[in-house]
Structures are given as structure tokens and as C-alpha cells.
Amino acid sequence: MTELFLSVSLLLLVTMTAGLIRVVIGPTSADRMMAAQLLGTSGIGALLLLAPALGLPALVDVALIFALLAAVAVAAFTRRRVGVNRLETETR
């Protein structure tokens with residue numbers, strides 16, 4: 001079972017690499033934010049799989065903290081985008 005957890009976490013790390021490429025090349029800020037969410041979600045999944053595989057239950061706590069940070073990041077991004085859209089319509 002440990003080998004399965006490790007192999008799936010390796011697959012998640014590969015998807016994180018693809019997401020990192022999307023963060024770098026864009027093309028829009030929404031694409032970058034969605035890729036950052038992919039990084040966060042994949043990282044949380046990898047940590048949750050590595051916790052029983054490595055016998056480190058503290059990784060579950062780290063994954064929960066990352067989940068909270070991801071929610072705050074989405075809220076900050078959408079709040080910023082609403083402010084940008086409001087400024088664009090006011091200047092027209």
C-alpha cells in the first residue's frame with residue numbers, strides 16, 4: 001500500500017510541474033490563479049498521501065494549513081479582480 005501512495009504522490013508532483021509551467025507562461029491572470037489553485041490542491045493531495053506512507057501524521061496538519069491558505073488566496077484574487085473591473089467601468 002505504501003508503494004501505491006508513493007506512486008500516486010509522484011503523479012501529483014508531475015501535475016504540479018505542469019501547473020507551475022502554466023503559472024509562468026500565463027497568458028492571463030485568471031489562468032495563473034487557476035494554475036496556482038492546481039498547485040495547492042495537488043500539494044495537499046500529495047501531503048495527505050505521504051502522511052501514511054512515511055508514517056508522519058504531522059503532514060496532515062500541514063495539508064490542512066495549505067487548504068486554508070488556498071481558500072484565502074482565492075478570496076484575495078477574486079476581490080482584487082472585482083476592484084479592477086470596477087475601476088475599468090468607472091473610467092469609461
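Placed above this text is the structure.
Small disclaimer: the values here were computed from a predicted structure and weren't measured.

What about the environment of Ala-46?
And step 1. For Ala-46, the position within the fold is in helix 2 (residues 29-54).
And step 2. If we skip the residues at most four places from it in the chain, Ala-46 touches Ser-9 and Leu-12.

Quick word on the environment of Pro-52
And step 1. Here Pro-52 is to be found in helix 2.
And step 2. For Pro-52, a relative accessible area of 48% corresponds to the partly exposed category.
And step 3. Put simply, Pro-52 and Met-1 are 51 residues apart on the chain and 9.5 Å apart in space, counted from C-alpha to C-alpha.

Re helix 2
And step 1. Across its 26 residues, helix 2 extends 36 Å between first and last C-alpha, which sits within 8% of the 38 Å expected from 1.5 Å per residue.
And step 2. Where helix 2 is concerned, the buried positions are Met-33, Ala-35, Ser-42, Gly-43, Ile-44, Ala-46, Leu-47, Leu-49, Ala-51 and Ala-53.
And step 3. Looking one or two places after helix 2, you find Gly-55, whose phi comes out positive at around 75°.

Cut-offs applied
Residues numbered from 1 in each chain as written. Predicted model: local features only at pLDDT ≥ 70, side-chain atom pairs only at ≥ 80, totals over all residues. Heavy atoms only, no water. Helix = DSSP H or I, 4+ residues; strand = E, 2+ residues; numbered from the N terminus. Contact = heavy atoms within 4.5 Å. Buried < 20%, exposed > 50% of the residue type's maximum accessible area, 1.4 Å probe, protein only. Expected span 1.5 Å × (residues − 1).

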